[in-house]
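If you want the building blocks of each chain, they are given just below.
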Amino acid sequence: MRFEILRLDDIDGTPVDSTVVDAASVNTIVQQAAAIGQRIWIRPAEASAS
């Protein structure tokens, strides 16, 4: 499964940028964001049309 991780603005919480990662990478990204106090939003990535 893949997830979209959106980095949120510190002031108003609007999405600043996003990346799509596999499930194995989510934990690492969450730990990194927590270490620096970064706000993120994680949601399942949309399936690509193949």
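Values in this document were obtained by computation on a predicted structure and should not be read as measured data.

Caption draft 1: Seen up close, the pairing of strand β1 (residues 2–8). With five of its seven residues buried, β1 lies for the most part within the structure. Two strands pair when backbone bridges link them, and β1 and strand β2 (residues 15–22) are joined in this way by seven bridges, in the antiparallel orientation. Bridging from a neighbouring strand, F3 pairs with V21 of β2. Connecting β1 to the next strand, β2, in antiparallel fashion are six residues, including G13 with a positive phi near 75 degrees. Pairing geometry for β1 and strand β3 (residues 40–44), over five bridges, is antiparallel. Residue E4 lies in a different strand from β3, and its bridge partner there is R43.

Caption draft 2: Representation of the packing of aromatic side chains within the structure. Under the defined criterion, the tally for this structure stands at zero aromatic pairs. When the ring centre of W41 is taken as reference, the NZ or CZ atom of R43 above it lies at 4.8 Å.

Caption draft 3: Here's a closer look at the pattern of salt bridges. Summed over all chains, the structure comprises two salt bridges. In this structure, R43 engages E4 in a salt bridge whose closest nitrogen and oxygen atoms are separated by 2.9 Å. On the criterion of sequence distance, the pair formed by R43 in strand β3 and E4 in strand β1 is long-range, its members being 39 residues apart. Here R43 falls in the partly exposed class, since its relative accessible area comes to 31%. A salt bridge links D17 to R7; its shortest N-O distance comes to 3.2 Å. One end of the pair, D17, is in strand β2; the other, R7, is in strand β1, with 10 residues separating them in the sequence.

What counts and what doesn't
Residues numbered from 1 in each chain as written. Predicted model: local features only at pLDDT ≥ 70, side-chain atom pairs only at ≥ 80, totals over all residues. Heavy atoms only, no water. Buried < 20%, exposed > 50% of the residue type's maximum accessible area, 1.4 Å probe, protein only. Helix = DSSP H or I, 4+ residues; strand = E, 2+ residues; numbered from the N terminus. Pairing = 2+ DSSP bridges. Phe/Tyr/Trp six-rings, centres within 6.5 Å; stacked < 30°, edge-to-face > 60°. Lys NZ or Arg CZ within 6 Å of the ring centre and 35° of its normal. Salt bridge = Lys/Arg side-chain N within 4 Å of Asp/Glu carboxyl O.

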